[in-house]
Amino acid sequence: GGVEGQVKGEGEGIKDLKRRWNEVEYLLRRGMKLVNEDEINEVERMGREGRWFLEVLEKEAKRLGMLKGELSRAVLPYDENTSTLDQANVANGPPREEHVEMLKEIDSGVLERMREAAVMLRGVVRVKIADDGDLDLARESVNAVVEFVEGLGR
């Protein structure tokens, strides 16, 4: 039974890997591939920046006494009329008038990095980040992608 148990266990491991690969492939934005080390490193870098954005967004929203989604909409360089595909490509833009005062409460260097990291997050996983529910899903998605890439054990 020992060898059979090992083979059966390895088969389950391969099934799990295939299932996780399918999940990650679904989560990745179209055009993002994991076919060579440079692409894997880029997905990992963008994913880590996306994680950083979500962590800082949560911390700043609590500090400012607002919902994460509200702060996210204020920080992001696009508005409700920007398509989700365009959100991954927009570099920056002026904040909307109603958010100018609120954004003064965030260090300008942190705010700029938040914008860049949010665009990276949108560039690596297929999620929108307009409200708290979206942000929770974005966190789950980017965590799944980064953990998978880290687990490749390059």
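Residues numbered from 1 in each chain as written. Predicted model: local features only at pLDDT ≥ 70, side-chain atom pairs only at ≥ 80, totals over all residues. Heavy atoms only, no water.

Trainee: Would you explain the packing of aromatic side chains in this entry?
Mentor: In this description, an aromatic ring pair is defined by two values, namely the gap between the centres and the angle between the planes. Per the counting criterion, the structure on display carries 1 aromatic pair. The interplanar angle of 35 degrees and the centroid separation of 5.8 Å between the aromatic rings of W21 and F148 together place this pair among those described as tilted. Of this pair, W21 sits in helix 1 (residues 2–27) while F148 sits in helix 7 (residues 132–151); the two residues are 127 residues apart in sequence, bridging distant segments of the chain. A relative accessible area of 6% means that F148 is categorised as buried. Positioned above the aromatic ring of W52 is the side chain of R113, whose terminal nitrogen or guanidinium carbon lies 3.8 Å from the ring centre. One residue, R126, lies across the ring of Y26, its end atom 4.7 Å from the ring centre. (Phe/Tyr/Trp six-rings, centres within 6.5 Å; stacked < 30°, edge-to-face > 60°. Helix = DSSP H or I, 4+ residues; strand = E, 2+ residues; numbered from the N terminus. Buried < 20%, exposed > 50% of the residue type's maximum accessible area, 1.4 Å probe, protein only. Lys NZ or Arg CZ within 6 Å of the ring centre and 35° of its normal.)

Trainee: Can you walk me through helix 3 (residues 68–75) in this structure?
Mentor: One turn of the α-helix equals 3.6 residues, which is why residues spaced by three or four share an orientation. Burial of helix 3 is extensive: 6 of the 8 residues sit out of reach of the surface. The set of residues buried in helix 3 consists of K68, G69, L71, S72, A74 and V75. Where the residues of helix 3 are buried, they touch helix 2 (37–64), helix 5 (100–103), helix 6 (108–124) and helix 7. (Contact = heavy atoms within 4.5 Å.)

Trainee: Would you mind going over the packing of helix 2 against helix 7 with me for this structure?
Mentor: Working note: a packed helix pair is described by the angle between its axes plus the distance between those axes. Two numbers describe how helix 2 lies on helix 7: the axes approach to 9 Å, and their chain directions differ by 145 degrees. Both helix 2 and helix 7 take part in a crossing whose hand is left-handed. Taken together, the residues of helix 7 that come into contact with helix 2 (itself represented by I40, V43, E44, G47, R48, R51, F53, L54, E55, L57 and E58) are L135, A138, R139, V142, N143, V145, V146, E147, V149 and E150. Residue composition of the contact of helix 2 with helix 7, by class: 11 nonpolar, 2 polar and 8 charged. (Axes fitted to C-alpha atoms, helices over the stretch in contact; angles between N-to-C directions. Left-handed = near helix turned anticlockwise from the far one by under 90°. Nonpolar A, V, L, I, M, F, W, Y, C, P; charged D, E, K, R; others polar.)

Trainee: I would appreciate a short explanation of the pattern of salt bridges in the present structure.
Mentor: If charged atoms from side chains of opposite charge come close, those side chains can pair. By the definition in use, this model includes 12 salt bridges. Among the salt bridges present, the one from E49 reaches R113, with a minimum N-O distance of 2.7 Å. Taken together, the residues E49 in helix 2 and R113 in helix 6 connect sequence positions 64 residues apart. Residue E49 is classed as buried on the basis of its relative accessible area of 17%. Taking the relative accessible area as the measure of exposure, R113 reaches 33% and is therefore partly exposed. Through salt bridges with shared partners, a single ionic network connects D16, R19 and E23. (Salt bridge = Lys/Arg side-chain N within 4 Å of Asp/Glu carboxyl O.)

Trainee: Before we go on, may I ask you to explain the nonpolar core in this structure?
Mentor: Looking at soluble globular proteins, one finds that nonpolar side chains tend to be buried together. Counting residues in each nonpolar core, the largest one holds 39 residues, and the members touching the most others are L34, F53, L71, M114, L121, I129 and V145. Mapped by element, the contributors of at least two residues to this core are helix 1, helix 2, helix 3, helix 5, helix 6 and helix 7. Of the residues forming this core, the biggest block, 9 residues, is contributed by helix 2. If sequence neighbours within four positions are ignored, V145 has contacts with V24, L27, L28, V43 and V125. (Core = buried A, V, L, I, M, F, W, Y, C linked by side-chain atoms within 4.5 Å.)

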